[in-house]
Amino acid sequence: MSDPVAGRHVVVVGGGIAGLAAAAFLRAEAGPDLRVTVLEAADSIGGKLRLIEVAGLTLDGGAEALLARRPEAVDLLRRVGLGDDLVHPVTTAAGVWTRGMVRPLPRGHVFGIPTDLRAAARGGVLSGRGLARAAAERLLPLRPTAHDISVGQFVRDRWGAEVLDRLVDPLIGGVYAGRADELSLDAVVPPLATAFHDGRRLAPPESAAKAGPVFAGIRGGVGRLPAAVAAASAAEVRTGVTVRQLQRLPEGWRLATGSAAAPEAILADAVVLALPACVSARLLADVLPVAAGELATIEQASVAIVTLVLPTSAVRRPLRGSGFLVPAVDRRLIKAVTYSSAKWDWTDRAAGGALVLRASVGRLGETAELAHDDAELTRLVRADLERATGLRGEPAGSAVTRWGGALPQYAVGHLERVARVRAAVASVPGLAVCGAAYDGIGIAACIASARQAAAAVLGAAPTGAELASAEGTP
């Protein structure tokens, strides 16, 4: 019996972690006889995972942590040979810069909602009035409902505006670079959504000792992961290749790449689109206009990460915890700061006593802040840091990493929107989608969607297509 995989060609469009993971899963499931090509428009792979050099240190310029309580990312990094470099944060105690100082984020919170109001009172993030309003939640009736609402509406209605503005919005906004009033409860915080739909009170979180570490990292930087996954996939990886058009053929797919002056056609039995929603929408416009229309409605926020390496003399007063969040209502430039050298032991050792920190700038709709050039943005970030922490002094090095349109916004109804997209895509054999636009923006969620996409195309793609004669036809 002939091998149904032999001679087949799967093209993955997008060389971020989702696309690279999809290629690795294709290789693991189909073996060496499947031809896999990854096309990436940028000059390098990795998407939002990137290593940068600052003051002689190799650091993460994008995501620096992954969820440890989901198995997908941890399993993959072990599979690609990075298991021995898996590390956990030294500390995850965070603060909130509000009401004139950095105050501790209350312990025993669920996505920012305090379950221990005494601890919340000691921290000082909430005023007496805010605490009283939060305490009144237990007196409100529980009304189960089936429809999705915004995170902001849910929290404000039950715990009040202060809990939303000072705790929930900076915590969730720090992840999505969006506004809680516009983000879907069902998609962004499923545990809260489940309690809401079931008409249950919010339960205190499990202890860290019982549940295990929330986050993990990779010694030397999470930015090491893309190259390791690409190597494990044994795929042909081509950078600097933009796919301009996707066309369905009776026997497979045609991808138009290259410039108008030097066009190239790549033919495939199956295609995985591991792209931002807006780019997938453009490529699917002729193939699946309904899915394209749904994807085109997903907004995307832009952010910048300012990395600083500061001498020990810059520290005027002790820095506590792993960093701090900044509520949007306080109208600061920075939205979050991570003390990387305090959070990660490997960073601290590499820095040799210097302070390494990362400041995040940008929320959905904030364009003026990101319009500053690198030097001015760094100056403004340093000014905010001095106000918040007293840090002062000339950095040994700095870098600005910009992520345009990097964070998809999960608006109310997002899960239903994704279900409609996936149903439309599933109706076309040999096509799948994956990435941050669908089931979660974290690394683990992207990897999970990549596994799903790989399984879909292996099960649905045509077999034995004879496409070689048409290869290269514009």
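Cut-offs and rules
Residues numbered from 1 in each chain as written. Predicted model: local features only at pLDDT ≥ 70, side-chain atom pairs only at ≥ 80, totals over all residues. Heavy atoms only, no water. Helix = DSSP H or I, 4+ residues; strand = E, 2+ residues; numbered from the N terminus. Rg over C-alpha atoms; globule rule 2.2 N^0.38 Å. Buried < 20%, exposed > 50% of the residue type's maximum accessible area, 1.4 Å probe, protein only. Areas by Shrake-Rupley, 256 points an atom, 1.4 Å probe, with all protein chains shown as cover. Lys, Arg positive; Asp, Glu negative; His and termini not counted. Charge placed at Lys NZ, Arg CZ, Asp CG, Glu CD. Pairing = 2+ DSSP bridges. 1 Å grid on protein atoms, 1.4 Å probe; cavity = no way out; pocket = protein on both sides within 12 Å on 5 of 7 lines; lining within 4 Å. Points joined across faces, edges and corners; volume = space filled by probe spheres on them. Axes fitted to C-alpha atoms, helices over the stretch in contact; angles between N-to-C directions. Nonpolar A, V, L, I, M, F, W, Y, C, P; charged D, E, K, R; others polar. Core = buried A, V, L, I, M, F, W, Y, C linked by side-chain atoms within 4.5 Å. Contact = heavy atoms within 4.5 Å. Arc of directions from axis to C-beta. Parallel < 35°, antiparallel > 145°, perpendicular 65-115°, else oblique. Left-handed = near helix turned anticlockwise from the far one by under 90°. Salt bridge = Lys/Arg side-chain N within 4 Å of Asp/Glu carboxyl O. pLDDT = per-residue confidence, 0-100.

### What to know about the overall build of the protein chain
No. 1: A count of helices and strands for the protein chain gives 17 helices and 22 strands.
No. 2: The C-alpha atoms of the protein chain give 23 Å as radius of gyration, which agrees with the globular expectation for 474 residues (23 Å, within 12%).
No. 3: For the protein chain, the C-alpha atoms occupy an extent of roughly 75 × 55 × 45 Å along the three principal directions.
No. 4: Looking at the protein chain residue by residue over its 474 residues, the buried ones come to 53%.
No. 5: Taken as a whole, the protein chain presents about 20100 Å² of accessible surface, with 53% of it coming from carbon and sulfur.
No. 6: Distance between charge centroids for the protein chain: 8 Å, based on 51 positive and 46 negative side chains.

### A short note on the sheet that holds strand β5 (residues 66–67)
No. 1: Sheet architecture is open: three strands sit in the order β5-β11-β6, paired in antiparallel fashion. The open sheet has two edge strands, β5 and β6 (86–87), and neither has a second partner.
No. 2: Here two bridges tie β6 to strand β11 (residues 215–218), and the two strands are oriented antiparallel to one another. Along β11, the bridge assignment pairs L86 with I218.

### Comments concerning the layout of surface pockets
The probe, sized like a water molecule, is rolled over the atoms to show the empty space still left.
No. 1: As a volume, the second largest pocket reaches approximately 310 Å³.
No. 2: Lining the second largest pocket are 18 residues; nearest its centre among them are P141, R143, F154, R158 and F196.
No. 3: Put simply, the parts of the chain that give the lining of the second largest pocket at least two residues each are α5 (151–159) and α8 (190–198).
No. 4: By residue number, the principal contributor to the lining of the second largest pocket is α5, which donates five residues.

### Notes on helix α10 (residues 225–233)
No. 1: Inspection of α10 places L225, P226, A228, V229, A230 and S233 among the buried residues, and these make up the whole buried set.
No. 2: Among the residues trailing α10, A234 stands out with phi positive, at a value near 50°.

### With respect to the sheet that holds strand β13 (residues 243–249)
Neighbouring strands of a sheet are bound in pairs by backbone hydrogen bonds; such pairs are parallel or else antiparallel.
No. 1: The strand order across the open sheet formed by three strands is β13-β14-β15, and the pairing between neighbours is antiparallel. Two strands in the sheet have a free side with no partner beyond their single neighbour: β13 and β15 (263–268). On average, each strand axis in the sheet is tilted by 20° relative to the strand beside it, whichever way the strands run.
No. 2: Inspection of the sheet shows β13 paired to strand β14 (residues 252–258) by six bridges, in the antiparallel sense.

### Here's the deal with empty space enclosed by the protein
No. 1: Using the criterion set out here, one finds one cavity of 30 Å³ or more in the structure.
No. 2: Looking at the largest cavity, its volume works out to about 50 Å³.
No. 3: If you trace the largest cavity, you find it lined by L59, D60, E64, T307, S340, W344, W346, T347, V356 and R358.
No. 4: Taken together, the residues of the lining of the largest cavity sort by class into four nonpolar, three polar and three charged.

### Describing the nonpolar core
No. 1: Within the largest apolar cluster, 85 residues are counted, with the highest numbers of intra-cluster contacts made by V151, V155, L185, L225, V272 and I443.
No. 2: Considering each element in turn, this core owes the most residues, ten residues, to helix α1 (residues 17–30).
No. 3: Setting aside chain neighbours within four positions, we find V155 in contact with I113, G160, V163, L164 and V168.
No. 4: Of all hydrophobic cores here, the second largest spans 32 residues; its members include V243, W253, L275 and L431.

### Here we look at helix α12 (residues 289–296)
No. 1: Every buried residue of α12 is listed here: A291, A292, E294 and L295. When α12 is viewed along its axis, its buried side chains cluster within an angular range of 160° and face the same direction. Seen from the open side of α12, the exposed residues pointing more than 90 degrees away from its buried face are P289, V290 and A296.

### Quick notes on the packing of α12 against helix α16 (residues 414–426)
No. 1: Following both chains from N to C, one finds α12 and α16 inclined at 150°, their axes separated by 9 Å at the closest point. Relative to α16, the element α12 lies roughly antiparallel. Considering how the two elements wind past one another, α12 and α16 form a crossing that is left-handed. Mapping the contact onto sequence places A291, E294 and L295 in α12 and R417, R420, V421 and A424 in α16.
No. 2: Partitioned by chemical class, the residues of the contact of α12 with α16 number four nonpolar, no polar and three charged.

### Topic: the pattern of salt bridges
No. 1: Following the criterion strictly, the structure yields 23 salt bridges and no others.
No. 2: Residues R392 and E386 are paired through a salt bridge, measuring 3.0 Å at the closest nitrogen-oxygen approach.
No. 3: Assessed through its relative accessible area of 47%, R392 is described here as partly exposed.
No. 4: By relative accessible area, E386 is classed as partly exposed at 34%.
No. 5: Here D439 ties to R422 by a salt bridge, and the two come within 2.9 Å at their closest N and O atoms.

### Side note on the confidence of the model for the protein chain
No. 1: Scored by pLDDT, the protein chain comes out at a mean of 92, with 94% of its residues at no less than 70.
No. 2: Across residues 461–474, where pLDDT falls below 50, the model places 27 contacts with residues more than four positions away in sequence or in other chains.

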